[in-house]
Amino acid sequence: MRRLRACLGAAAAVGLAAAGTTALVAGSASGATSALANRWYAAAPYLMPLDNDPPDPAAIMDATGLKAFQLAFVLAPNGGGCSPTWGGTAAVSSDTAVQSVVNTIRAKGGDVSVSIGGYGGTKIGQVCSDAAATAAAYQQVITKYGLHAIDFDLEEPEYENTAAIKNEIGAAKILQQNNPGLYVSVTTAGTADGTGWFGKQMLLEAKSQGFTPNNFSIMPFDGGFNGAASQTGALTNFNQILQSTFGWDQATAYAHEGFSGMNGRSDTGEFFTQTDFQTVLDYATSHNMDRFTFWSLNRDRQCTPADNGGRTSGTCSSVAQNSWDFAKYSVKFAGATPPSSTPTPTPTPTPPGTGCKPAWSSTAVYTAGNEVSYNNHNWKAKWWTQNETPVASDWGVWQDEGAC
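Criteria and cut-off values
- Residues numbered from 1 in each chain as written.
- Predicted model: local features only at pLDDT ≥ 70, side-chain atom pairs only at ≥ 80, totals over all residues.
- Heavy atoms only, no water.
- Helix = DSSP H or I, 4+ residues; strand = E, 2+ residues; numbered from the N terminus.
- Buried < 20%, exposed > 50% of the residue type's maximum accessible area, 1.4 Å probe, protein only.
- Areas by Shrake-Rupley, 256 points an atom, 1.4 Å probe, with all protein chains shown as cover.
- Pairing = 2+ DSSP bridges.
- Core = buried A, V, L, I, M, F, W, Y, C linked by side-chain atoms within 4.5 Å.
- Contact = heavy atoms within 4.5 Å.
- Expected span 1.5 Å × (residues − 1).
- Polar contact = N/O pair within 3.5 Å; in protein donor to acceptor, adjacent residues only side chain to side chain.
- Salt bridge = Lys/Arg side-chain N within 4 Å of Asp/Glu carboxyl O.
- Phe/Tyr/Trp six-rings, centres within 6.5 Å; stacked < 30°, edge-to-face > 60°.
- Disulfide = S-S within 2.5 Å.

Student: Tell me about the overall build of the protein, and please be specific about residues and values.
Tutor: Broken down by element type, the protein carries 13 helices and 17 strands. Burial statistics for the protein: of 404 residues in total, 54% are counted as buried. Accessible area of the protein: about 15000 Å², with a carbon and sulfur share of 53%.

Student: Could you give an account of the pairing of strand 14 (residues 371-374), with specific residues and numbers?
Tutor: A regular strand places its side chains on the two faces of the sheet in alternate fashion. Here strand 14 pairs with strand 15 (residues 377-381) via 4 bridges, running antiparallel. Residue pairing in the sheet places Val-372 in a bridge with Trp-379 of strand 15. Connecting strand 14 to the antiparallel partner strand 15 that follows it, the hairpin turn spans 2 residues, and Asn-375 within it adopts a positive phi of roughly 55°.

Student: Kindly report on the nonpolar core, identifying the contributing residues and their values.
Tutor: Core analysis: the biggest nonpolar cluster contains 96 residues, and Phe-69, Leu-71, Phe-152, Phe-216 and Phe-292 have the highest contact counts within it. Here this core gets 8 residues from one element, more than from any other, and that element is helix 7 (residues 131-145). Every residue in contact with Phe-69, bar those within four places of it in the chain, is listed here: Ala-44, Pro-45, Leu-47, Pro-57, Ile-60, Met-61, Ile-105, Asp-111, Val-112, Ser-113 and Leu-297. If you look at the next biggest cluster of nonpolar residues, it comprises 7 residues, including Val-372, Trp-379, Ala-381 and Val-397.

Student: Tell me about helix 8 (residues 162-178), and name the residues and values.
Tutor: For helix 8, spanning 17 residues, the distance from its first C-alpha to its last is 24 Å, which sits close to the expected 24 Å at 1.5 Å a residue. Taken residue by residue, helix 8 has Ala-164, Ile-165, Asn-167, Glu-168, Ile-169, Gly-170, Ala-171, Ala-172, Ile-174, Leu-175 and Asn-178 as its buried positions. Where helix 8 begins, one side-chain oxygen reaches toward the backbone nitrogen of Ala-163, 3.1 Å away; that side chain belongs to Asn-161.

Student: Tell me about the pattern of salt bridges, and name the residues and values.
Tutor: Under the defined criterion, the tally for this structure stands at 6 salt bridges. Two residues, Asp-62 and Lys-108, come together in a salt bridge whose shortest N-O distance is 2.8 Å. A residue pair is termed long-range when its members are at least 10 positions apart, and Asp-62 in helix 4 (residues 57-64) and Lys-108 in the loop between helix 5 (97-107) and strand 5 (111-117) qualify at 46 residues. On the basis of relative accessibility, which here comes to 56%, the residue Asp-62 falls in the exposed class. Salt-bridge contacts for Arg-291 lead to Asp-151; the nearest nitrogen and oxygen are separated by 3.7 Å.

Student: Which residues make up the pairing of strand 9 (residues 257-262), and what values go with them?
Tutor: Of all 6 residues in strand 9, 6 are buried; the element is thus mostly enclosed. As defined by bridge partners, strand 8 (residues 215-219) adjoins strand 9 across 3 bridges and the pair is classed as parallel. Across the sheet, residue Ser-217 finds its bridge partner in strand 9, namely Gly-258. Sheet topology note: the strand 9/strand 12 (residues 291-295) ladder contains 5 bridges and is parallel. Across the sheet, the residue bridging to Ser-260 is Thr-293, located in strand 12.

Student: Any chance you could break down the packing of aromatic side chains for me, citing the residues and the numbers?
Tutor: Using the criterion set out here, one finds 20 aromatic pairs in the structure. Geometrically, the ring pair formed by Tyr-46 and Trp-295 is tilted, given 5.8 Å between the ring centres and 55° between the ring planes. Taken together, the residues Tyr-46 in strand 1 (residues 46-47) and Trp-295 in strand 12 connect sequence positions 249 residues apart. The pair Tyr-46 / Trp-295 is uniform in exposure class, with both members buried.

Student: Can you explain the state of the cysteines? Please cite residues and give values.
Tutor: Scanning all chains against the criterion turns up 2 disulfides. Across the disulfide from Cys-82 sits Cys-128; the S-S distance is 1.8 Å. Looking along the S-S bond of the Cys-82-Cys-128 disulfide, the torsion reads about 95°, which is the right-handed sense. With a gap of 46 residues between them, Cys-82 in the loop between strand 2 (68-75) and strand 3 (85-86) and Cys-128 in the loop between helix 6 (124-127) and helix 7 connect regions that are remote in the sequence. A relative accessible area of 5% places Cys-128 in the buried class. Covalently, Cys-303 is tied to Cys-316 through a disulfide, its sulfur atoms 2.1 Å apart. Here the disulfide of Cys-303 and Cys-316 is right-handed, its torsion about the S-S bond being about 95°.

Shown next, in the form of C-alpha coordinates:
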(Lines give C-alpha, C1' and ligand atoms only; values in the text may rest on other atoms or scores of the structure.)
Protein backbone atom coordinates (compact mmCIF):
# COMPACT_ATOMS: atom_id res chain seq x y z
CA MET A 1 0.00 0.00 0.00
CA ARG A 2 2.75 2.43 0.66
CA ARG A 3 4.69 3.50 -1.31
CA LEU A 4 6.25 4.76 -2.86
CA ARG A 5 16.73 -7.56 0.02
CA ALA A 6 22.73 -16.05 3.65
CA CYS A 7 20.19 -16.03 6.38
CA LEU A 8 21.39 -16.13 9.97
CA GLY A 9 20.74 -19.63 11.20
CA ALA A 10 18.59 -20.33 14.21
CA ALA A 11 21.75 -20.73 16.27
CA ALA A 12 22.46 -17.04 15.76
CA ALA A 13 19.44 -16.23 17.90
CA VAL A 14 20.17 -18.65 20.73
CA GLY A 15 21.69 -15.87 22.79
CA LEU A 16 18.66 -13.64 22.41
CA ALA A 17 16.93 -14.85 25.53
CA ALA A 18 19.93 -13.91 27.62
CA ALA A 19 20.93 -10.80 25.69
CA GLY A 20 17.47 -9.43 24.94
CA THR A 21 16.74 -8.21 28.44
CA THR A 22 19.73 -5.91 28.24
CA ALA A 23 19.19 -4.88 24.63
CA LEU A 24 17.69 -1.50 25.45
CA VAL A 25 20.53 -0.73 27.82
CA ALA A 26 23.11 -1.87 25.31
CA GLY A 27 21.64 0.44 22.75
CA SER A 28 22.33 3.45 24.94
CA ALA A 29 25.80 3.56 23.44
CA SER A 30 24.05 4.75 20.27
CA GLY A 31 22.22 7.54 22.02
CA ALA A 32 19.17 5.87 23.52
CA THR A 33 17.15 7.96 25.92
CA SER A 34 14.55 7.12 28.48
CA ALA A 35 11.40 5.84 26.85
CA LEU A 36 8.57 8.22 26.08
CA ALA A 37 5.04 7.40 27.14
CA ASN A 38 3.58 4.70 24.87
CA ARG A 39 1.03 7.18 23.55
CA TRP A 40 3.82 9.03 21.72
CA TYR A 41 5.00 5.87 19.95
CA ALA A 42 1.36 5.18 19.11
CA ALA A 43 1.10 8.62 17.53
CA ALA A 44 4.44 8.60 15.68
CA PRO A 45 3.98 9.42 11.96
CA TYR A 46 6.12 7.65 9.38
CA LEU A 47 9.29 9.35 8.15
CA MET A 48 11.65 8.09 5.48
CA PRO A 49 15.02 9.39 6.72
CA LEU A 50 16.97 8.54 3.55
CA ASP A 51 14.44 8.93 0.71
CA ASN A 52 11.66 11.19 -0.56
CA ASP A 53 13.37 14.49 0.26
CA PRO A 54 13.53 13.91 4.04
CA PRO A 55 12.33 16.91 6.04
CA ASP A 56 14.21 18.20 9.06
CA PRO A 57 12.68 16.46 12.10
CA ALA A 58 13.90 19.23 14.40
CA ALA A 59 11.91 21.77 12.39
CA ILE A 60 8.81 19.56 12.60
CA MET A 61 9.24 19.23 16.37
CA ASP A 62 9.55 22.98 16.78
CA ALA A 63 6.52 23.70 14.61
CA THR A 64 4.15 21.05 15.96
CA GLY A 65 5.30 19.78 19.35
CA LEU A 66 5.73 16.27 17.88
CA LYS A 67 8.06 14.05 19.91
CA ALA A 68 8.10 10.65 18.17
CA PHE A 69 8.86 9.50 14.62
CA GLN A 70 8.28 6.14 12.89
CA LEU A 71 11.39 5.62 10.73
CA ALA A 72 10.86 3.52 7.57
CA PHE A 73 11.71 0.94 6.30
CA VAL A 74 14.04 -1.88 7.38
CA LEU A 75 14.30 -4.62 4.71
CA ALA A 76 16.51 -7.53 3.76
CA PRO A 77 19.51 -6.68 1.53
CA ASN A 78 18.74 -6.33 -2.16
CA GLY A 79 21.55 -8.76 -2.91
CA GLY A 80 20.20 -11.38 -0.52
CA GLY A 81 20.82 -12.29 3.10
CA CYS A 82 19.21 -12.24 6.52
CA SER A 83 20.51 -8.95 7.85
CA PRO A 84 18.81 -5.58 8.33
CA THR A 85 19.20 -2.70 5.90
CA TRP A 86 17.50 0.60 5.25
CA GLY A 87 15.51 0.23 2.05
CA GLY A 88 17.47 -2.86 1.01
CA THR A 89 20.66 -0.90 0.34
CA ALA A 90 22.14 0.69 3.49
CA ALA A 91 23.30 -1.82 6.11
CA VAL A 92 22.09 -1.02 9.62
CA SER A 93 25.39 -2.29 11.05
CA SER A 94 27.42 0.46 9.37
CA ASP A 95 24.76 3.18 9.33
CA THR A 96 25.62 6.69 10.40
CA ALA A 97 23.05 8.71 8.42
CA VAL A 98 19.94 7.41 10.18
CA GLN A 99 21.78 7.45 13.50
CA SER A 100 22.35 11.17 12.95
CA VAL A 101 18.63 11.69 12.47
CA VAL A 102 17.91 9.70 15.63
CA ASN A 103 20.44 11.76 17.58
CA THR A 104 18.86 15.01 16.36
CA ILE A 105 15.42 13.90 17.53
CA ARG A 106 16.65 12.66 20.90
CA ALA A 107 18.67 15.82 21.52
CA LYS A 108 15.35 17.67 21.48
CA GLY A 109 13.68 15.30 23.93
CA GLY A 110 12.03 13.06 21.33
CA ASP A 111 12.47 9.45 20.28
CA VAL A 112 11.95 7.08 17.36
CA SER A 113 10.35 3.79 16.52
CA VAL A 114 11.52 1.78 13.51
CA SER A 115 9.18 0.21 10.98
CA ILE A 116 10.11 -3.01 9.24
CA GLY A 117 8.57 -4.19 5.98
CA GLY A 118 6.28 -1.84 4.10
CA TYR A 119 5.01 -2.13 0.55
CA GLY A 120 7.38 -3.81 -1.91
CA GLY A 121 10.97 -4.90 -1.44
CA THR A 122 12.16 -8.13 0.18
CA LYS A 123 11.32 -8.52 3.85
CA ILE A 124 13.56 -10.19 6.38
CA GLY A 125 10.86 -12.71 7.25
CA GLN A 126 10.89 -13.88 3.63
CA VAL A 127 14.57 -14.80 3.58
CA CYS A 128 15.47 -15.87 7.11
CA SER A 129 15.28 -19.53 8.01
CA ASP A 130 12.89 -19.24 10.93
CA ALA A 131 11.41 -16.89 13.53
CA ALA A 132 14.54 -17.00 15.72
CA ALA A 133 16.80 -15.92 12.85
CA THR A 134 14.31 -13.22 11.88
CA ALA A 135 14.25 -11.94 15.46
CA ALA A 136 18.06 -11.95 15.60
CA ALA A 137 18.15 -9.65 12.57
CA TYR A 138 15.67 -7.25 14.12
CA GLN A 139 17.44 -7.36 17.46
CA GLN A 140 20.42 -5.79 15.68
CA VAL A 141 18.19 -2.81 14.85
CA ILE A 142 16.86 -2.54 18.41
CA THR A 143 20.35 -2.68 19.86
CA LYS A 144 21.89 -0.34 17.29
CA TYR A 145 19.41 2.45 17.95
CA GLY A 146 18.44 1.63 21.54
CA LEU A 147 14.79 1.30 20.51
CA HIS A 148 11.81 1.39 22.81
CA ALA A 149 9.32 0.72 20.00
CA ILE A 150 9.10 -1.20 16.72
CA ASP A 151 6.47 -1.57 14.01
CA PHE A 152 5.86 -4.68 11.89
CA ASP A 153 4.36 -3.37 8.62
CA LEU A 154 3.05 -6.60 7.09
CA GLU A 155 1.53 -6.02 3.66
CA GLU A 156 2.07 -6.75 -0.02
CA PRO A 157 3.64 -8.97 -1.11
CA GLU A 158 4.92 -10.52 2.12
CA TYR A 159 1.60 -11.10 3.81
CA GLU A 160 0.63 -13.52 1.04
CA ASN A 161 3.59 -15.72 2.11
CA THR A 162 2.46 -17.97 4.97
CA ALA A 163 6.00 -18.96 5.99
CA ALA A 164 7.18 -15.35 6.01
CA ILE A 165 4.26 -14.20 8.17
CA LYS A 166 4.94 -17.07 10.58
CA ASN A 167 8.54 -15.84 10.83
CA GLU A 168 7.51 -12.22 11.34
CA ILE A 169 4.89 -12.92 14.00
CA GLY A 170 7.24 -15.34 15.73
CA ALA A 171 10.01 -12.76 15.65
CA ALA A 172 7.70 -10.10 17.07
CA LYS A 173 6.83 -12.39 19.95
CA ILE A 174 10.51 -13.14 20.66
CA LEU A 175 11.42 -9.44 20.62
CA GLN A 176 8.52 -8.62 22.89
CA GLN A 177 9.67 -11.24 25.39
CA ASN A 178 13.36 -10.36 25.24
CA ASN A 179 13.01 -6.57 25.38
CA PRO A 180 10.79 -5.75 28.38
CA GLY A 181 8.63 -2.70 27.79
CA LEU A 182 9.13 -2.72 24.01
CA TYR A 183 6.12 -1.13 22.28
CA VAL A 184 5.12 -3.35 19.34
CA SER A 185 2.64 -2.43 16.63
CA VAL A 186 1.55 -4.60 13.69
CA THR A 187 0.28 -2.73 10.62
CA THR A 188 -1.53 -4.29 7.68
CA ALA A 189 -3.79 -3.44 4.75
CA GLY A 190 -7.30 -2.14 5.29
CA THR A 191 -10.49 -2.86 3.37
CA ALA A 192 -14.07 -1.68 3.73
CA ASP A 193 -14.68 -4.89 5.74
CA GLY A 194 -11.77 -4.07 8.04
CA THR A 195 -9.02 -6.12 6.46
CA GLY A 196 -8.84 -8.72 3.72
CA TRP A 197 -8.22 -12.47 3.68
CA PHE A 198 -4.47 -12.19 4.14
CA GLY A 199 -4.88 -9.71 6.98
CA LYS A 200 -7.25 -12.12 8.71
CA GLN A 201 -4.79 -14.99 8.20
CA MET A 202 -2.10 -12.86 9.84
CA LEU A 203 -4.36 -12.34 12.87
CA LEU A 204 -5.00 -16.08 13.07
CA GLU A 205 -1.23 -16.70 12.98
CA ALA A 206 -0.80 -14.30 15.89
CA LYS A 207 -3.54 -16.11 17.79
CA SER A 208 -1.99 -19.52 17.12
CA GLN A 209 1.37 -18.30 18.46
CA GLY A 210 -0.20 -16.63 21.49
CA PHE A 211 1.14 -13.22 20.44
CA THR A 212 -0.59 -9.98 21.37
CA PRO A 213 1.11 -6.71 20.34
CA ASN A 214 0.18 -3.30 21.68
CA ASN A 215 -2.02 -2.96 18.64
CA PHE A 216 -3.02 -4.27 15.25
CA SER A 217 -3.39 -1.29 12.90
CA ILE A 218 -5.06 -1.14 9.50
CA MET A 219 -4.38 1.23 6.62
CA PRO A 220 -7.79 2.28 5.23
CA PHE A 221 -6.68 3.77 1.92
CA ASP A 222 -5.88 2.52 -1.59
CA GLY A 223 -8.94 0.30 -1.50
CA GLY A 224 -11.82 2.39 -2.80
CA PHE A 225 -12.11 4.58 0.28
CA ASN A 226 -13.80 7.96 0.10
CA GLY A 227 -13.11 10.23 3.05
CA ALA A 228 -13.38 9.74 6.79
CA ALA A 229 -16.75 8.00 6.91
CA SER A 230 -15.43 5.07 4.88
CA GLN A 231 -12.38 4.88 7.14
CA THR A 232 -14.29 4.90 10.43
CA GLY A 233 -16.60 2.25 8.94
CA ALA A 234 -13.57 0.07 8.23
CA LEU A 235 -12.28 0.62 11.77
CA THR A 236 -15.64 -0.47 13.19
CA ASN A 237 -15.59 -3.61 11.05
CA PHE A 238 -11.99 -4.34 11.98
CA ASN A 239 -12.92 -4.09 15.63
CA GLN A 240 -15.45 -6.87 15.08
CA ILE A 241 -12.78 -8.99 13.42
CA LEU A 242 -10.51 -8.52 16.42
CA GLN A 243 -13.36 -9.51 18.74
CA SER A 244 -14.19 -12.67 16.82
CA THR A 245 -10.55 -13.68 16.31
CA PHE A 246 -9.25 -13.22 19.84
CA GLY A 247 -12.44 -13.50 21.88
CA TRP A 248 -12.14 -9.93 23.13
CA ASP A 249 -15.02 -7.70 24.09
CA GLN A 250 -15.48 -4.49 22.13
CA ALA A 251 -13.53 -2.26 24.51
CA THR A 252 -10.56 -4.65 24.67
CA ALA A 253 -10.53 -4.86 20.88
CA TYR A 254 -10.47 -1.07 20.55
CA ALA A 255 -7.66 -0.91 23.12
CA HIS A 256 -5.63 -3.13 20.72
CA GLU A 257 -6.68 -1.39 17.50
CA GLY A 258 -4.87 1.25 15.47
CA PHE A 259 -5.32 3.53 12.45
CA SER A 260 -2.63 4.28 9.88
CA GLY A 261 -3.82 6.75 7.25
CA MET A 262 -2.40 8.48 4.22
CA ASN A 263 -2.47 12.25 4.17
CA GLY A 264 -3.65 14.02 1.04
CA ARG A 265 -3.90 12.15 -2.25
CA SER A 266 -3.46 8.37 -1.97
CA ASP A 267 -1.72 6.07 -4.45
CA THR A 268 -5.06 5.36 -6.14
CA GLY A 269 -6.30 8.95 -6.27
CA GLU A 270 -8.38 9.07 -3.08
CA PHE A 271 -8.21 12.31 -1.09
CA PHE A 272 -7.97 12.63 2.68
CA THR A 273 -7.98 16.19 3.98
CA GLN A 274 -7.36 17.77 7.36
CA THR A 275 -11.10 17.52 8.03
CA ASP A 276 -11.00 13.77 7.38
CA PHE A 277 -8.07 13.39 9.78
CA GLN A 278 -9.94 15.28 12.50
CA THR A 279 -12.99 13.04 12.06
CA VAL A 280 -10.94 9.85 12.32
CA LEU A 281 -9.01 11.30 15.26
CA ASP A 282 -12.28 11.98 17.06
CA TYR A 283 -13.36 8.38 16.37
CA ALA A 284 -10.04 6.97 17.60
CA THR A 285 -10.02 8.95 20.83
CA SER A 286 -13.73 8.43 21.61
CA HIS A 287 -13.29 4.66 21.22
CA ASN A 288 -10.02 4.61 23.20
CA MET A 289 -8.06 3.19 20.28
CA ASP A 290 -4.38 2.51 20.85
CA ARG A 291 -2.81 4.07 17.77
CA PHE A 292 -3.23 6.93 15.29
CA THR A 293 -0.52 7.47 12.69
CA PHE A 294 -0.10 8.27 9.01
CA TRP A 295 2.05 7.96 5.92
CA SER A 296 3.98 10.22 5.83
CA LEU A 297 5.83 13.26 7.16
CA ASN A 298 7.76 13.41 3.88
CA ARG A 299 4.38 14.20 2.28
CA ASP A 300 3.16 16.61 4.98
CA ARG A 301 3.68 19.77 2.95
CA GLN A 302 1.98 21.40 0.03
CA CYS A 303 2.96 20.64 -3.54
CA THR A 304 3.79 23.43 -5.92
CA PRO A 305 0.58 25.10 -7.15
CA ALA A 306 0.76 23.42 -10.55
CA ASP A 307 0.83 19.98 -8.94
CA ASN A 308 -1.93 20.32 -6.36
CA GLY A 309 -4.49 17.59 -6.85
CA GLY A 310 -2.96 16.26 -10.03
CA ARG A 311 -0.67 13.47 -8.82
CA THR A 312 0.38 11.36 -5.88
CA SER A 313 3.79 12.32 -4.61
CA GLY A 314 6.20 10.95 -2.04
CA THR A 315 7.27 14.47 -1.09
CA CYS A 316 4.01 16.45 -0.86
CA SER A 317 0.33 15.85 -0.19
CA SER A 318 -1.44 17.24 -3.29
CA VAL A 319 -3.95 19.03 -1.04
CA ALA A 320 -3.93 22.60 0.20
CA GLN A 321 -2.10 22.77 3.50
CA ASN A 322 0.44 24.44 5.68
CA SER A 323 3.58 22.45 6.30
CA TRP A 324 3.10 19.80 9.00
CA ASP A 325 -0.68 20.26 9.26
CA PHE A 326 -1.22 16.51 9.46
CA ALA A 327 1.49 15.97 12.07
CA LYS A 328 -0.54 18.07 14.47
CA TYR A 329 -3.28 15.42 14.56
CA SER A 330 -0.68 12.95 15.83
CA VAL A 331 0.31 15.47 18.49
CA LYS A 332 -3.32 15.76 19.55
CA PHE A 333 -3.67 11.96 19.74
CA ALA A 334 -0.63 11.86 22.02
CA GLY A 335 -2.46 14.23 24.34
CA ALA A 336 -0.49 17.39 23.63
CA THR A 337 -1.58 20.72 22.19
CA PRO A 338 0.17 21.77 18.98
CA PRO A 339 0.96 25.45 18.35
CA SER A 340 -1.58 27.43 16.32
CA SER A 341 -0.80 27.93 12.63
CA THR A 342 -1.58 30.34 9.85
CA PRO A 343 -4.67 29.72 7.70
CA THR A 344 -4.56 26.91 5.17
CA PRO A 345 -3.88 28.30 1.67
CA THR A 346 -6.49 28.16 -1.04
CA PRO A 347 -6.19 25.03 -3.20
CA THR A 348 -5.03 25.48 -6.77
CA PRO A 349 -5.54 22.13 -8.51
CA THR A 350 -4.17 21.48 -11.94
CA PRO A 351 -6.79 22.35 -14.60
CA PRO A 352 -7.73 19.27 -16.65
CA GLY A 353 -6.63 19.16 -20.23
CA THR A 354 -3.34 21.01 -19.78
CA GLY A 355 0.28 20.18 -19.24
CA CYS A 356 0.59 16.91 -21.16
CA LYS A 357 4.05 15.34 -21.35
CA PRO A 358 5.45 13.99 -24.64
CA ALA A 359 3.33 11.16 -26.03
CA TRP A 360 4.25 7.58 -25.05
CA SER A 361 5.99 5.57 -27.79
CA SER A 362 6.01 1.77 -27.95
CA THR A 363 9.53 1.79 -29.42
CA ALA A 364 11.16 4.25 -27.02
CA VAL A 365 13.17 3.16 -23.99
CA TYR A 366 12.19 4.82 -20.72
CA THR A 367 14.04 4.82 -17.41
CA ALA A 368 12.98 5.71 -13.86
CA GLY A 369 11.58 9.24 -13.71
CA ASN A 370 10.82 9.62 -17.42
CA GLU A 371 7.39 11.15 -18.01
CA VAL A 372 4.98 10.60 -20.90
CA SER A 373 1.33 11.18 -21.74
CA TYR A 374 -1.16 8.49 -22.80
CA ASN A 375 -4.95 8.52 -22.99
CA ASN A 376 -5.05 12.09 -21.68
CA HIS A 377 -3.08 11.22 -18.53
CA ASN A 378 0.53 11.89 -17.61
CA TRP A 379 2.57 8.88 -16.46
CA LYS A 380 5.97 8.49 -14.76
CA ALA A 381 8.20 5.43 -15.22
CA LYS A 382 9.23 3.66 -12.01
CA TRP A 383 12.05 1.72 -13.69
CA TRP A 384 13.44 0.77 -17.12
CA THR A 385 10.76 -0.13 -19.63
CA GLN A 386 10.03 -0.50 -23.32
CA ASN A 387 6.72 -1.28 -25.06
CA GLU A 388 4.73 -1.48 -21.81
CA THR A 389 1.51 0.47 -22.28
CA PRO A 390 0.85 2.95 -19.44
CA VAL A 391 -1.89 1.61 -17.21
CA ALA A 392 -2.74 2.15 -13.55
CA SER A 393 -1.44 -0.76 -11.48
CA ASP A 394 0.23 -1.10 -8.07
CA TRP A 395 2.71 -3.54 -9.62
CA GLY A 396 3.10 -1.91 -13.04
CA VAL A 397 5.99 0.16 -14.29
CA TRP A 398 3.89 3.30 -14.78
CA GLN A 399 2.67 5.69 -12.09
CA ASP A 400 -0.43 7.67 -13.01
CA GLU A 401 0.19 11.38 -12.42
CA GLY A 402 -3.33 12.48 -13.29
CA ALA A 403 -5.30 13.92 -16.17
CA CYS A 404 -3.67 16.29 -18.63
